[in-house]
Amino acid sequence: RMCPLGWLGVASLCLGTLWAVPAHERRKAEKPKADPALYENLDLDNYDLTLDNYGEILDLSNYEELYDYGDLAPKIEVGTLAPHPKDPKNLPDPAATTAGTPKLQPPNGAGPVPAAPIPGQGLPSCLLCLCLGTSVYCDDADLERIPALPPDTAYLYARFNRIGAVRAGDFSGLEKLRRIDLSSNSISWADADAFRLLPSLQELLLPENRLTALPELPRSIVRLDARLNRIPSAGLRPEAFRDLKQLQFLHLSDNQLDFIPAPLPESLRSLHLQNNNIQTMHEDTFCDTQDQGQIRRALEDIRLDGNPINLSLFPNAFFCLPRLPTGRF
């Protein structure tokens, strides 16, 4: 027979063994197992998240209603500065975090310091357009006027824009400029000195604009193309092309000219005047009637088709030409 002290020792040993089991093991043993029958009716295949069903599976329409973030951050009114922190002493020293970095301090009353220019870009035109060597490409750039060009520009292409006028100062100082292409703009007016002072200009292309008058041209011009404008004969200066000793291509078709703009320089090779309102011509328009031995070999391309003139009425006007003009005889 065991004494009472022996029973107490056995009871203490059993209790010590029970409490030696870790707590998380005891909780596992106490947790009831889930009944698999509860999940038999769930279609888990339809819960795959894709870009197509993301909005259907996760309904975020009332997400903002469940949480009110209004009290988590101080309200900032538009146009004001952010509120100062409650305890500025806890913030790091700005001088320590920006050591070695120069600070830009605008003068009193001045606005923000402008950004530094982009290296290698040059003048503003090279920010709006594409500058490659001495060529500037501004096609279809939504321009309303000629941009400032680098001083060494030789070729400018500014087609398919909304430029409405050419001013006297738009090309000032550009002594190397050889070609200007302003095709398909809305140019209705050009200053008389817009191109005259360009000593190297050889090609001026102004087709498909709204010009009603031609400005004065430099003597270096070789090619002038002003097709598809609204230029009447009154829009040309008297003897406008006589002193242009290097002019070879003069294209003024699809305008409102009433006569051929004579005299024409001996250097001219191609004259396009089709689709105007030319009804007559002078016998000295192309040839000198006083010089029957004259041969004008350069002028091989004359187009007068689309005009109401009958070229057969002026037989003495073509004797010096290597070819007859194209038109109605």
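Rules behind the numbers
Residues numbered from 1 in each chain as written. Predicted model: local features only at pLDDT ≥ 70, side-chain atom pairs only at ≥ 80, totals over all residues. Heavy atoms only, no water. Salt bridge = Lys/Arg side-chain N within 4 Å of Asp/Glu carboxyl O. Phe/Tyr/Trp six-rings, centres within 6.5 Å; stacked < 30°, edge-to-face > 60°. Helix = DSSP H or I, 4+ residues; strand = E, 2+ residues; numbered from the N terminus. Buried < 20%, exposed > 50% of the residue type's maximum accessible area, 1.4 Å probe, protein only. UniProt positions renumbered as here; feature names shortened; annotations may be inferred. Pairing = 2+ DSSP bridges. Axes fitted to C-alpha atoms, helices over the stretch in contact; angles between N-to-C directions.

Peer 1: Looking at this structure, I do not really get the pattern of salt bridges. What am I missing?
Peer 2: It is possible for side chains of opposite charge to pair when their charged atoms get near one another. A full pass over the atoms with the stated rule returns 14 salt bridges. The network of salt bridges with common partners includes D139, R159 and D181.

Peer 1: Can you help me understand the packing of aromatic side chains in this one?
Peer 2: What characterises a pair of aromatic rings is the spacing of the ring centres plus the angle enclosed by the ring planes. Per the counting criterion, the structure on display carries 4 aromatic pairs. Centre to centre, the rings of Y137 and Y157 are 5.1 Å apart; their planes meet at 5 degrees, and the pair counts as stacked. One end of the pair, Y137, is in strand β2 (residues 135–137); the other, Y157, is in strand β3 (residues 155–157), with 20 residues separating them in the sequence. When its relative accessible area of 34% is taken as the criterion, Y137 is described as partly exposed. Among the residues examined, Y157 registers a relative accessible area of 14% and is labelled buried. An aromatic cluster is defined as three or more aromatic residues linked by ring pairs; in this entry it consists of F286, F318 and F329.

Peer 1: Explanation requested: the UniProt feature "domain: LRRNT" (unreviewed entry) in the chain in the structure shown.
Peer 2: UniProt records the feature "domain: LRRNT" (unreviewed entry) for residues 125–155 in the present numbering. Taken end to end, residues 125–155 is 13% helix and 23% strand, and its two terminal C-alpha atoms sit 13 Å from one another.

Peer 1: Can you walk me through the sheet that holds strand β8 (residues 223–225) in this structure?
Peer 2: Strands pair in a sheet through their backbones, by hydrogen bonds, and they do so in one of two ways: parallel or antiparallel. Strand order in the open sheet formed by 9 strands is β1-β2-β3-β5-β7-β8-β9-β10-β11, with mixed pairing between adjacent strands. This sheet does not close on itself; its edge strands, each paired only once, are β1 (130–132) and β11 (301–303). When strand polarity is set aside, the average angle formed by the axes of neighbouring strands in this sheet is 5 degrees. Two elements, strand β7 (residues 203–205) and β8, share 3 bridges in a ladder whose sense is parallel. Considered in β8, the bridge of L205 is made with D225.

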